[in-house]
Amino acid sequence: MRIIFHGDNAASFSRGFADLVGPDAEIGILPDGLDATADRKAYAAAQAIIGVKFDAGLPMPRDLLLFHVPGAGYDAVDVALLPPQAHLCNCFGHEQAISEYVMGALLARAIPLTDADARLRQGDWAYWAGSPDRVHGEIAGQTVGLLGFGHIGKAIARRAKAFEMTVHVANRSPVATSDLVDRAFGLDELEAFCGSVDALVVSVPLTTDTTGLVGRAALGAMKPDAVILNVGRGPTIDEAALFEALRDRRIGGAVIDTWYRYPSAGEPNILPSKLPFHELSNVLMTPHMSGWTSGTIRRRQQTMADNIRRCLSGAALTNVVRQGRA
């Protein structure tokens, strides 16, 4: 099978991939911009493409059997343009890493290890046990709200329960209460859900329905000391409404990993929003890193290689977004 890794993101998964799919695979790595004639010809000849986007500016791969996104989101893939016989699949495997990121962020807010270390190096025993004026927080007993209960939400719930947290969920489809879920809400109860939690984690995918889902009303319903964490897609939270709520201290803070603007060839060092989130002291900013670990790469490689083998053998594929037509 002729396999193409298209772009820098996809190329991250190419190392050692031949060992997973077998000796008969022909593997090529192409840049994001297919400027050379040879690159466009190789792309058009591919039977399997691993990439994050597909649009009218790319050559049409007439013999394509599988387009595999090396991640969960496929909003940059114009599904209607794919050849009719091509399957479209995506990957997960990032939920372990993202759930650890979320728990690490919550623990860091409650337990000021870095500040305690910095102060003690100056002889300042600011957090020394023995006085109620020097206590720090804990996350046990707090309520975490999970907006979205897919792979990521379930992984966070399992870890939150290990820390004796209460778990509330808001999801498009109904979620039953269980050992993991203490209370469930529908999306039509979003304000009540937001008002019930100490930490709100947004992990829903970006769709027409979820764009701006968390707006002024939802943010306004949050507790004044609550924190919001975005590990899904930036625009699922209204940009201006979030900035204003943080600037005006109407909520306790935010941990933002997914953003509104991203680097490009022309602007490699761009700030992640048109608004000055970077000037706010109650925001922890990270560069869309929560799911990017060696474990995530390894798990996604296995998923993509397995689907290529399934495609060759005629077996049913996993993580199918669109089934190809024979």
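Look up a bit, the structure's there.
Reading the values: rules and limits
Residues numbered from 1 in each chain as written. Predicted model: local features only at pLDDT ≥ 70, side-chain atom pairs only at ≥ 80, totals over all residues. Heavy atoms only, no water. Buried < 20%, exposed > 50% of the residue type's maximum accessible area, 1.4 Å probe, protein only. Helix = DSSP H or I, 4+ residues; strand = E, 2+ residues; numbered from the N terminus. Right-handed = clockwise from strand over helix to strand, strands pointing away. Pairing = 2+ DSSP bridges. Core = buried A, V, L, I, M, F, W, Y, C linked by side-chain atoms within 4.5 Å. Disulfide = S-S within 2.5 Å. Axes fitted to C-alpha atoms, helices over the stretch in contact; angles between N-to-C directions. Contact = heavy atoms within 4.5 Å.

A. Broad picture of the pairing of strand 7 (residues 166-171). Burial analysis of strand 7 places five of its six residues in the buried class, the great majority of the element. Remark: the strand 6 (residues 143-147)/helix 6 (residues 151-162)/strand 7 crossover connection has right-handed handedness. Where strand 7 meets strand 8 (residues 183-186), four bridges bridge the pair, whose relative direction is parallel. The residue of strand 8 that forms the bridge with alanine 170 is phenylalanine 185.

B. Inspection of the nonpolar core at higher detail. The biggest cluster of nonpolar side chains holds 30 residues, and the ones touching the most others in it are Leu147, Phe193, Leu200, Ile228, Leu242 and Phe277. Elements supplying a minimum of two residues to this core: helix 7 (190-195), strand 9 (199-202), helix 8 (216-220), helix 9 (239-247) and strand 11 (253-256). Sort the elements by how many residues they give to this core and helix 9 lands first, with five residues.

C. Fine view of the state of the cysteines. Scanning the model with the defined rule gives zero disulfides in all. In this structure cysteine 89 is a free cysteine whose sulfur lies 8.2 Å from that of cysteine 311, the closest cysteine sulfur available. For cysteine 89, a relative accessible area of 0% puts it in the buried group.

D. The pairing of strand 11, seen in detail. Side chains of strand 11 alternate between two faces, with Gly253 and Val255 and Ala254 and Ile256 buried alike. When strand 10 (residues 227-230) meets strand 11, the two strands line up parallel, connected through four bridges. Bridging from a neighbouring strand, valine 227 pairs with glycine 253 of strand 11. A crossover connection joins strand 10 to the parallel strand 11 through helix 9; in handedness this β-α-β unit is right-handed.

E. How the structure looks around the sheet that holds strand 2 (residues 26-30). Strand order in this open sheet of six strands is 2-1-3-4-5-13, and the pairing throughout is mixed. The sheet is open, and its two edges are formed by strand 2 and strand 13 (320-322), each paired on a single side. Strand-to-strand twist in this sheet, taken as the mean axis angle between neighbours without regard to direction, amounts to 25°. Pairing of strand 5 (residues 87-89) with strand 13, which is carried by two bridges, proceeds in the antiparallel orientation. Within strand 13, the position partnered with leucine 88 by the bridge is arginine 322. In the packing of helix 10 (residues 294-313) onto the sheet, contacts are made with strand 1 (2-6), strand 3 (48-50), strand 4 (66-68) and strand 5, and the angle to strand 4 comes to roughly 175°.

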